[in-house]
Amino acid sequence: MTDTTVPPSIATASALSIQLYSLRDRLGDRRAATLAALAALGYAQVEPYDILSDPEQLARELAAAGLTAPTAHVKLLDTSVERAIAAARTVGVETLIVPWAEPALFADRAGVTALSERINLAAARAAEHGLRVGYHNHDFEFSARIDGRPAWEVLVELLDERVVLEVDTYWASVGGADVFELLPRLADRIRAVHVNDEEPEPDDPPTLGVPVVGRMREVTALAADIGALVVVEVVVGGDPLPAVERNTRFFAEALS
């Protein structure tokens, strides 16, 4: 597919978004064309992973494509919160999501407590500007245990109630979670879920929890029930657009 070719239009539900990291190799000087392609697929919203480099240009390109960015991954633990807030306001982001924390922090309660304090401070500052902060998991938060419990559960308890959760359903299940129990239990904290309908990568670790592969329609239904934004994330080799189109069709139908 060339940069000027527009994928077939797909009618998507308003609760569907896509993480731009899935298309990272097509961004840069092709970002405007890629955003237009996503809009042609039916997307109304996307999840950026870099709003700091040039927020003004990103805002212009999103507006030109008719897209909004209600959520964005921002490395709040590695950058000035004030800078992130300013970029979010420029781009129109409502929720700044911490995409990653060092796995070593989940080795004990002291590490998780220190992490929660930093996130809570960022959330308090963001709230002053009408913004929210969230946390995105991988597998290690669930596989690490503190007093016999998943470290992720300890983190959630220590986080300010204003901090929302973005549950990566695949990685949560790999780490040991039962997503089908977790989503309804924490419905009041979860504002977004990451999903994909691709087969696991060959080098992915074994799943320690309840598998979600092949059960994404059930996951999507649960996400819709709790009012969470469904965010497509696709990681494949080569051109990602065919996989993006497949997943967009799948999750749009699941939400219809």
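Here, the structure is the one placed above.
Computed from a predicted structure; not experimentally measured.

Cut-off values and rules
Residues numbered from 1 in each chain as written. Predicted model: local features only at pLDDT ≥ 70, side-chain atom pairs only at ≥ 80, totals over all residues. Heavy atoms only, no water. Pairing = 2+ DSSP bridges. Helix = DSSP H or I, 4+ residues; strand = E, 2+ residues; numbered from the N terminus. Axes fitted to C-alpha atoms, helices over the stretch in contact; angles between N-to-C directions. Contact = heavy atoms within 4.5 Å. Parallel < 35°, antiparallel > 145°, perpendicular 65-115°, else oblique. Left-handed = near helix turned anticlockwise from the far one by under 90°. Nonpolar A, V, L, I, M, F, W, Y, C, P; charged D, E, K, R; others polar. Expected span 1.5 Å × (residues − 1). Buried < 20%, exposed > 50% of the residue type's maximum accessible area, 1.4 Å probe, protein only. Arc of directions from axis to C-beta. Salt bridge = Lys/Arg side-chain N within 4 Å of Asp/Glu carboxyl O.

**Quick notes on the sheet that holds strand β7 (residues 164–168)**
Taken in spatial order, the seven strands of this open sheet run β1-β9-β8-β7-β4-β3-β2, and their pairing is parallel. One side of each edge strand has no neighbouring strand; the edge strands of this open sheet are β1 (16–18) and β2 (71–73). Strand-to-strand twist of the sheet, defined as the mean angle between neighbouring strand axes without regard to direction, takes the value 30°. On top of the sheet, helix α4 (residues 109–127) reaches β3 (95–98) and β4 (132–136); it is set at about 150° to β4, its chief contact. Lying on the sheet, helix α10 (residues 241–255) is in contact with β1, β8 (190–195) and β9 (229–232); it crosses β1 at an angle near 160°.

**Brief notes about the packing of helix α9 (residues 216–225) against α10**
At a closest axis distance of 9 Å, the pairing of α9 and α10 adopts a crossing angle of 50°. In terms of their interaxial angle, α9 and α10 are classed as oblique. In the packing of α9 onto α10, the handedness of the crossing is right-handed. Contacts from Met-216, Arg-217, Thr-220 and Ala-224 of α9 reach α10 at Phe-250, Phe-251, Glu-253, Ala-254 and Leu-255. Considering only residue class, the contact of α9 with α10 consists of six nonpolar, one polar and two charged.

**Looking at α4**
What sets the pattern is the α-helix's 3.6 residues per turn: residues three or four places apart point alike. With 19 residues, α4 should cover 27 Å at 1.5 Å per step; its first-to-last C-alpha distance of 26 Å lies within 8% of that length. Among the residues of α4, Gly-111, Val-112, Leu-115, Ser-116, Ile-119, Asn-120, Ala-122, Ala-123 and Ala-126 are the ones counted as buried. Axial view of α4: buried residues confined to an arc of 165°, hence all on one face. Turned more than 90 degrees off the buried face of α4, the exposed positions are Ala-110 and Glu-117.

**Focus on the pattern of salt bridges**
Working definition: two side chains of opposite charge can pair if their charged atoms are close together. Under the criterion given, the structure shown has ten salt bridges. Between Arg-31 and Glu-61 there is a salt bridge, and its shortest N-O distance comes to 2.5 Å. One end of the pair, Arg-31, is in helix α1 (residues 31–41); the other, Glu-61, is in helix α2 (residues 55–65), with 30 residues separating them in the sequence. Residue Arg-31 shares its accessibility class with Glu-61, and that shared class is buried. Its salt-bridge partner being Arg-185, residue Glu-181 comes within 2.4 Å of it at the nearest N-O pair. Placement of both Glu-181 and Arg-185 in helix α8 (residues 179–185) is noted, with a separation of four residues, approximately one turn of the helix. Judged by its relative accessible area of 35%, Glu-181 is partly exposed. A single network of salt bridges, built from pairs that share partners, joins Glu-153, Glu-181 and Arg-185.

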